[in-house]
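# Descriptive structure summary
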Amino acid sequence: MLRFDFLDARHGDCFLVRWGDGRVMLVDGGPSPVYQDSLLPYLETLPPTGNGRRHIDVVCVTHVDDDHIAGIERLLTELSRKQRDGEALPFQVGQTWFNAADQIVNSQAPASAAAVRRLLATTPRGAASIASIAQGQRVRTQAKQLGIDLNVGFPDRTLLSCNRIEVHGLDVKVVAPDTVALDALLARWRAAESARDAGIVTAGYTDYSIPNLSSTVLLIEHLERRALLTGDARGDRILSGLEECKLLKSGARMHVDLLKLPHHGSNNNVTSDFFERIHADHYVISADGVAHHHPNEQTLTWLVQSRSPEDIFTIHLTNSIEFAEMALQELAVGRRFRTAVRHAAEPAAIVSLGAKAPAP
Ligand SMILES: [Zn+2]
């Protein structure tokens, strides 16, 4: 069985992938309050292992945006504090997967990375960009202090498209960032280096292009069930990554059991083509419609119109969002899809993918 527990991550992402004999991967931690409100209470419901601790096999941070990384930073900060104070750790983390944009550049172009780091150090503090980079660095430092392996098993300790890894029977293929996104990222760093202007790099953090370019996308598979987990990546980069890794033929279509929509259903990251080419039985949108107008009605329309009226599938919302539910109600006329909204009293929207029925 492959199971997903999508927590109330407000406007961010925070969910558990569960498989095999009690295996757990935590993907993103939502913005900061999500740790106390949703993530910590949920992790405490996991069954403890023999040593009394709860085991999280993998903690994956898709990118450095606050609505993805902040909850993870709080989790690791709390574990570090307990370790320092000699208290028992409630959770044991097996490994961490996390590409920080500056770390990717460091692995590919150490000279540029060092030069830009020096420039960044002199940029006035307080900028969202610096905070974002610092958040990423803290996560890496804390993981190290806790003795948690970072990106172990990936070449250059970086998650890049077409890397493949198996974790306790879960097959994981990295779809993004791909080489095109990586080149764009490196170009930005080199331009900052030669112009001696850290702003060229940090601008990317405020307009979200660099986090989105470096956002990790994973295609995971267990017992013939597949899910595409897209972070806040851009749809075109997801498609090109799938093509580059020969998981999708040029112009062809693929089907997955579950698709977590990129960037909370924003219409800035995808076009109709994205949904035409990737079909799913379960589409999951992690959003609350409060901080941002996510999911956008345009995105919902593209999604629904990419399917035939007879197609049976489910669109899951992690929160009740009036405008999105109204749009879906209108789109549902004459169609057979279903909308599932997490009830406020439920701690998670759960999607459970059982073993496939044997072919007749
Ligand atoms: Zn996000």
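Structural data are supplied above this passage.
None of these values were measured; they are calculated from a predicted model. Per chain, residues are indexed from 1 in the order of the written sequence. Only residues with pLDDT of 70 or above have their local features reported here, since the model is predicted, and side-chain atom pairs are shown and tallied only from 80 upward, although totals for entire chains, interfaces and linings are computed over all residues. Hydrogen atoms and water are omitted, and side-chain values are computed over all heavy atoms in the structure.

On to the coordination of the zinc ion. Coordination of the zinc ion by the protein is provided by Asp67 (OD), His68 (NE2), Asp232 (OD) and His264 (NE2), with metal-donor distances spanning 2.1 to 2.2 Å. Because the angles between the 4 donor atoms bound to the zinc ion fall within 85 to 150°, the donor set is best described as irregular. Spacing between the donor residues of the zinc ion along their common chain follows D-H-x163-D-x31-H. You can see aspartate 232 sitting in the loop between strand E10 (225–229) and helix H9 (235–244) and its partner histidine 264 sitting in the loop between strand E11 (254–260) and helix H10 (272–277), a full 32 residues away along the chain. Any nitrogen, oxygen or sulfur atom within 2.8 Å of a metal ion counts as a donor, with the limit raised to 3.2 Å for Na, K and Ca, and since water is left out, coordination shells can look unfinished. Every geometry call rests on angle ranges, with four donors termed tetrahedral when all angles are between 85 and 135 degrees, four termed square planar and six termed octahedral when opposite donors are over 155 degrees apart and all others are between 65 and 115, and everything else termed irregular. The helix and strand labels rest on DSSP assignments: H or I over at least four residues marks a helix, E over at least two residues marks a strand, and numbering proceeds from the N terminus.

A few words now on the state of the cysteines. Disulfide: a pair of cysteine sulfur atoms within 2.5 Å of each other. Counted by the stated rule, this structure contains 1 disulfide. Note that cysteine 162 is cross-linked by a disulfide to cysteine 245, the S-S spacing being 2.3 Å. Handedness of the cysteine 162-cysteine 245 disulfide follows from its S-S torsion of about -95°: it is left-handed. Of this pair, cysteine 162 sits in the loop between strand E6 (149–150) and strand E7 (164–167) while cysteine 245 is found in the loop between H9 and E11, placing the two residues 83 residues apart along the sequence. Burial classes follow relative accessibility: with a 1.4 Å probe on protein chains only, a residue under 20% of its type's maximum area counts as buried, one over 50% as exposed, and anything between as partly exposed. Judged by relative accessible area, which is 16%, cysteine 245 ranks as buried. We note that cysteine 14 lacks a disulfide partner, and the nearest cysteine sulfur, in cysteine 60, lies 12 Å from it.

Moving on to the nonpolar core. Within the largest apolar cluster, 35 residues are counted, with the highest numbers of intra-cluster contacts made by Leu228, Ile238, Leu259, Phe275, Ile278, Tyr283 and Ile315. Throughout, nonpolar core names a set of buried Ala, Val, Leu, Ile, Met, Phe, Trp, Tyr and Cys residues whose side chains join them through atoms within 4.5 Å. Grouped together as the second largest cluster of nonpolar side chains are 33 residues, Leu7, Val61, Ile69 and Phe91 included.

The pairing criterion is simple: DSSP has to find at least two bridges between the two strands. Read across the open sheet, the 7 strands follow the order E6-E5-E4-E3-E2-E1-E15; overall the sheet is mixed. At either end of the open sheet lies a strand with only one pairing partner, and these are E6 and strand E15 (348–353). Judged from the 5 bridges that link them, strand E2 (residues 15–19) and strand E3 (residues 23–27) form a sheet pairing that is antiparallel. Looking at the pairing, leucine 16 lines up with leucine 26 of E3. When checking whether two residues touch, look at their non-hydrogen atoms; a contact exists if any pair is within 4.5 Å. For helices, the fitted axis covers only the stretch in contact; all axes are lines through C-alpha atoms, and the angles between them, taken along N-to-C directions, range from 0 to 180 degrees. On the sheet, helix H1 (residues 33–43) packs against strand E1 (2–7), E2, E3, strand E4 (54–61), strand E5 (91–98) and E15 and is oriented at approximately 145° with respect to E1.

Taken together, the 8 strands give an open sheet; going across it, the order is E7-E8-E9-E10-E11-E12-E13-E14, and neighbouring strands pair in mixed fashion. Looking at strand neighbours, the two that pair on one side only are E7 and strand E14 (338–341), the edges of this open sheet. Each strand of the sheet is rotated relative to its neighbour by a mean of 25°, with strand direction disregarded. One ladder, built from 4 bridges, connects strand E13 (residues 314–317) with E14; its direction is parallel.

Only Phe, Tyr and Trp rings are paired, with Trp represented by its six-membered ring, and only when their centres lie within 6.5 Å; those with planes under 30 degrees apart are stacked, over 60 edge-to-face, the remainder tilted. In the structure shown here, the tally under the stated rule is 6 aromatic pairs. For the pair tryptophan 97 and phenylalanine 154, a centre-to-centre distance of 5.3 Å together with 90° between the ring planes defines the contact as edge-to-face. Taken together, the residues tryptophan 97 in strand E5 and phenylalanine 154 in the loop between E6 and E7 connect sequence positions 57 residues apart. When sorted by exposure, tryptophan 97 lands in the same class as phenylalanine 154, which is buried. Through successive ring pairs, a cluster of aromatic residues spans Phe4, Phe6 and Phe15.

The end-to-end C-alpha distance of helix H4 (residues 110–122), which contains 13 residues, comes to 19 Å, matching closely the 18 Å that a straight helix rising 1.5 Å per residue would cover. Every buried residue of H4 is listed here: Ser112, Ala113, Ala115, Val116, Leu119 and Leu120. In a view along the axis of H4, the buried residues occupy a sector of 165°, so they form one face of it. With respect to the buried face of H4, the exposed residues turned more than 90 degrees away are Ala111, Arg118, Ala121 and Thr122. One fewer than the residue count of a helix, multiplied by 1.5 Å, yields its expected span. This arc corresponds to the set of directions leading from the helix axis out to the C-beta atoms.

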